[in-house]
Amino acid sequence: MAVTSELLASSEDLSDILHRLAERAREVTGAEYAAISTFDEEGVLTRFIYAGISDEQARRLGDPPKGRGLLGHLATCERPLRLDDLRASPHFTGWPAGHPDMTRFLGVPIRAGGRTIGSLYMARGADAPPFTAEDEVAAAVLSLQAAVSVAYALARERRGRIFLLEERERIAHDLHDGTIQALYALGLECDAMANQADYPAEAREALANAVSRINEIIADIRSYITMLEAGTPVEQPELTRDLAFVIRQLVPSSIATVVNISAAALQELTTRESEDLLYIAREALSNAVRHGAPTKIAVDLRQTNDATVLTIQDNGVGFDEATTRRGLGTITMRTRAERLGAELTIIPIPGMGTTVRVAIPRHRGDEEEL
């Protein structure tokens, strides 16, 4: 059994690599279900990608696993774990509602640098035969072949994350020390001319309006700088964790927040999509808190037949599109959505709140070939 170079080299995105590895693990062991996870340096599960579960089953499962129970135990193992009935394991903690029946189990750690960086999981139902020693060997060989590629992809993603954070700091510094100072100086000049008694009244009014507009632009840029400096964890993007991080930063405890993230939606997101969705969510949350005066904000990430959809909805004051100008953050949200090929919809209802919805077309099909 060999893993072709095309399997691991055909994509630089970690989620795509893991998705392909999960499918290959299912194939080489004859499993009904397979999954692959990654762990951080503390052994915390950071990503979970599965194969063999239908979209409908995935939607019913809700949130992805947290890495407790049998999955957490496997993160501490150095050798494969083969069980005829995983429910008999002392580490088994039960299934969430809607989980398919799994009895036969084979788990194999993916190790690099002296630690477990991920795991392969394979399962069959009670009516299927147990996994054999040959299945275990096939999965172990796959994990050895995958270890280098997964370790490299994790390191590359982390370096890219650090670079993005450093770039954000540089942009924030340039905006603060360059752009804002230039706008401030321009505003002072306009203000001085607006107070010239020998200028026509129409000219003084136009200059006064220009000063107000410049001050609004400066306020927009300061808000954008605050978002850039807020940052996110250096580890690879993971929306469940990172959205919680952003909510803690931006939303006061006096505002109730409801977050619903489905495992099916997370399954297909690439690193770039996760990054851009996180930015859009951050901007939408910031706008809701600063301008909407809400008492409740709901964040929902789910998968439909055609798209992965992120919705941020608040019950604040809303706004009138006809009389409200678009700020820098809104323009950047639309730019990021366009880069993803996604549809961004902003629905304000004066007196009732605002809904921000971004829908990314689904890009993986069940018929995708390995």
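Residues numbered from 1 in each chain as written. Predicted model: local features only at pLDDT ≥ 70, side-chain atom pairs only at ≥ 80, totals over all residues. Heavy atoms only, no water.

Q: Please explain the overall build of the chain as it appears in this structure.
A: The number of helices and strands found in the chain is 10 helices and 10 strands. Burial analysis of the chain (370 residues in total) assigns 49% to the buried set. Residue pairs at least 24 apart in sequence account for 67% of intrachain contacts in the chain once pairs closer than 6 positions are excluded. (Helix = DSSP H or I, 4+ residues; strand = E, 2+ residues; numbered from the N terminus. Buried < 20%, exposed > 50% of the residue type's maximum accessible area, 1.4 Å probe, protein only. Contact = heavy atoms within 4.5 Å.)

Q: Whenever I open this one, the environment of Ala-123 confuses me. Can you help?
A: Here Ala-123 is to be found in strand β5 (residues 115–124). In the structure, Ala-123 is positioned 21 residues away from Met-102 in sequence and 5.9 Å away in space, judged by C-alpha atoms. With residues near it in sequence (within four places) discarded, Ala-123 still touches Ala-31, Glu-32, Tyr-33, Met-102, Arg-104 and Phe-131.

Q: What am I meant to see in the packing of aromatic side chains here?
A: Aromatic ring pairs: the centre-centre distance and the angle between the two ring planes describe each pair. Applying the stated rule across the entire model yields two aromatic pairs. The interplanar angle of 35° and the centroid separation of 5.8 Å between the aromatic rings of Phe-48 and Tyr-121 together place this pair among those described as tilted. In this pair, Phe-48 is assigned in strand β2 (residues 45–51) and Tyr-121 in strand β5, connecting sequence segments 73 residues apart. Seen in terms of ring centroids, Phe-92 and Trp-95 are 5.2 Å apart; in terms of plane orientation they differ by 70°. Their pairing is edge-to-face. With a relative accessible area of 21%, Phe-92 lands in the partly exposed category. Of the residues examined, Trp-95 reaches a relative accessible area of 38% and is grouped as partly exposed. One residue, Arg-124, lies across the ring of Phe-131, its end atom 4.0 Å from the ring centre. Its end group placed over the ring of Tyr-279, Arg-336 keeps NZ or CZ at 4.1 Å from the ring centre. (Phe/Tyr/Trp six-rings, centres within 6.5 Å; stacked < 30°, edge-to-face > 60°. Lys NZ or Arg CZ within 6 Å of the ring centre and 35° of its normal.)

Q: Please clarify how the sheet that holds strand β7 (residues 296–303) should be interpreted in this entry.
A: Hydrogen bonds between backbone atoms are what pair the strands of a sheet, whose relative direction is either parallel or antiparallel. Reading across from one edge, β6-β7-β8-β10-β9 is the order of the five strands in this open sheet, with mixed pairing throughout. Bordering the open sheet on either side are β6 (256–261) and β9 (343–349), each of which pairs with just one other strand. For this sheet the average axis-to-axis angle between neighbouring strands, irrespective of direction, equals 10°. Both β7 and strand β8 (residues 307–314) contribute to a ladder of seven bridges, which runs antiparallel. Among the inter-strand pairings, Val-299 is bridged to a residue of β8, identified as Ile-312. (Pairing = 2+ DSSP bridges. Axes fitted to C-alpha atoms, helices over the stretch in contact; angles between N-to-C directions.)

Q: What am I meant to see in the sheet that holds β5 here?
A: Spatially, β2-β1-β5-β4-β3 is the arrangement adopted by the five strands of the open sheet, whose pairing is antiparallel. Each end of this open sheet is capped by a strand with a single partner; those strands are β2 and β3 (81–83). The mean inter-strand angle of the sheet, taken between neighbouring strand axes irrespective of direction, is 15°. Examined bridge by bridge, β3 and strand β4 (residues 104–112) share three bridges and lie antiparallel to one another. Looking at the pairing, Arg-82 lines up with Leu-106 of β4.

Q: How should helix α9 (residues 271–292) be read in this particular structure?
A: Structurally, the α-helix is built with 3.6 residues per turn, so residues lying three or four positions apart point the same way. Given a rise of 1.5 Å per residue, 22 residues ought to cover 32 Å, and the 30 Å separating the end C-alpha atoms of α9 matches this to within 8%. Ala-293, located one to two residues past α9, shows a positive phi value of around 50°. (Expected span 1.5 Å × (residues − 1).)

Q: Sorry if this is basic, but what is going on with the pattern of salt bridges here?
A: When their charged atoms lie close together, side chains carrying opposite charge are able to pair. Within the structure shown, the criterion is met by 11 salt bridges. One salt bridge connects Arg-20 with Asp-16, and the closest N-O pair in it is separated by 3.2 Å. Note that Arg-20 and Asp-16 are positioned in helix α2 (residues 14–29) at a spacing of four residues, about one turn of the helix. Residue Arg-20 is classed as buried on the basis of its relative accessible area of 12%. For Arg-339, the salt bridge is made with Asp-276, and the minimal N-O distance between the two is 2.6 Å. Here the residue Arg-339 occupies a position in helix α10 (residues 328–340), and Asp-276 occupies one in helix α9, the gap between them amounting to 63 residues. Shared partners join several salt bridges into a network, and the residues in it are Arg-272, Asp-276, Arg-336 and Arg-339. (Salt bridge = Lys/Arg side-chain N within 4 Å of Asp/Glu carboxyl O.)

Q: What should I look at first to understand the confidence of the model for the chain in this one?
A: When pLDDT drops low, the exact placement of atoms in the prediction is not to be read closely. Confidence in the prediction for the chain averages 82 pLDDT; 85% of positions are at 70 or higher. Here residues 1–5 scores under 50 on pLDDT; set against residues more than four positions off or in separate chains, the count is 13 contacts. The low-confidence segment residues 365–370, where pLDDT is below 50, has seven contacts with residues more than four positions distant or belonging to other chains. (pLDDT = per-residue confidence, 0-100.)

Q: For this particular structure, what's the right way to read the packing of helix α7 (residues 239–250) against α9?
A: When two helices pack together, their arrangement is captured by the angle between the axes and the distance separating the axes. Where α7 contacts α9, the two axes come as close as 10 Å, and the packing angle between them is 25°. Classed by the angle they form, the pair α7 and α9 counts as roughly parallel. Judged by the sense of rotation from one axis to the other, the crossing of α7 with α9 is right-handed. Where α7 abuts α9, its residues Leu-239, Asp-242, Leu-243, Val-246, Ile-247 and Leu-250 lie against Ser-274, Leu-277, Leu-278, Ala-281, Arg-282, Leu-285, Ser-286 and Val-289. (Parallel < 35°, antiparallel > 145°, perpendicular 65-115°, else oblique. Left-handed = near helix turned anticlockwise from the far one by under 90°.)

Q: Help me understand the environment of Val-137, please; the structure alone is not making it clear to me.
A: Along the chain, Val-137 falls in helix α5 (residues 133–194). Residue class for Val-137 comes out exposed when judged on its relative accessible area of 51%. Between the C-alpha atoms of Val-137 and Val-108, which are 29 residues apart in sequence, the distance is 9.7 Å.

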